[in-house]
Amino acid sequence: MIEAGIFDGDTVLIKKQESASTGEIIVAPVDDEEATLKRLRRKGNTVALEAANPAYETRIFPPDRVKVQGRLVGLLRKY
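Structure report, in brief.

About the thresholds
- Residues numbered from 1 in each chain as written.
- Predicted model: local features only at pLDDT ≥ 70, side-chain atom pairs only at ≥ 80, totals over all residues.
- Heavy atoms only, no water.
- Pairing = 2+ DSSP bridges.
- Helix = DSSP H or I, 4+ residues; strand = E, 2+ residues; numbered from the N terminus.
- Salt bridge = Lys/Arg side-chain N within 4 Å of Asp/Glu carboxyl O.
- Buried < 20%, exposed > 50% of the residue type's maximum accessible area, 1.4 Å probe, protein only.
- Core = buried A, V, L, I, M, F, W, Y, C linked by side-chain atoms within 4.5 Å.
- Contact = heavy atoms within 4.5 Å.

**Side note on the pairing of strand β3 (residues 34–43)**
Turning to step 1, where the next piece is worked out: Here strand β2 (residues 25–30) pairs with β3 via six bridges, running antiparallel. Residue pairing in the sheet places Ile25 in a bridge with Arg39 of β3.
Turning to step 2, where the next piece is worked out: The hairpin formed by β2 and β3 contains three residues between the paired strands, and Asp31 there has a positive phi angle of roughly 55 degrees.
Turning to step 3, where the next piece is worked out: Connecting β3 to the antiparallel partner strand β4 (residues 46–50) that follows it, the hairpin turn spans two residues, and Gly44 within it adopts a positive phi of roughly 60 degrees.

Here is the structure:
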């Protein structure tokens, strides 16, 4: 999530919630397995999980494969 200002070693603060708006950074398990921190985009009848790192591609899923577990509300960084 480097283009969103989130770097390796940072700690993110997540507010637990089951819904989010397009453009928000969320924690979302895919297929009830892997959890990922991505920007949410809704495109028609699909959900796009957009990486803020050019090394990773945007992943597009039907809505039944993605659940919102929480939304990014803060960031802690140690120097």
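So that's the structure; there's more coming.
**Considering the pattern of salt bridges**
Oppositely charged side chains are able to pair whenever their charged atoms sit close together.
Turning to step 1, where the next piece is worked out: The full count for this structure, using the stated rule, is six salt bridges.
Turning to step 2, where the next piece is worked out: Between Glu34 and Arg59 there is a salt bridge, and its shortest N-O distance comes to 3.1 Å. On the criterion of sequence distance, the pair formed by Glu34 in strand β3 and Arg59 in strand β5 (residues 59–61) is long-range, its members being 25 residues apart.
Turning to step 3, where the next piece is worked out: Looking at Arg59, the relative accessible area reads 32%, which means it is partly exposed.

**Digging into the nonpolar core**
Turning to step 1, where the next piece is worked out: Formed by Ala20, Ile26, Ala28, Val30, Leu40, Val47, Leu49, Phe61, Val66 and Val68, the largest nonpolar core amounts to 10 residues.
Turning to step 2, where the next piece is worked out: Sorting elements by how many residues they give to this core places β2 first, with three residues.
Turning to step 3, where the next piece is worked out: Among all residues touching Leu49, those that are not within four sequence positions of it are Ile26, Val30, Thr36, Lys38, Arg39, Leu40, Glu57, Thr58, Arg59, Phe61 and Val66.
Turning to step 4, where the next piece is worked out: Within the second largest apolar cluster, six residues are counted, among which are Met1, Ile6, Ile25 and Leu37.

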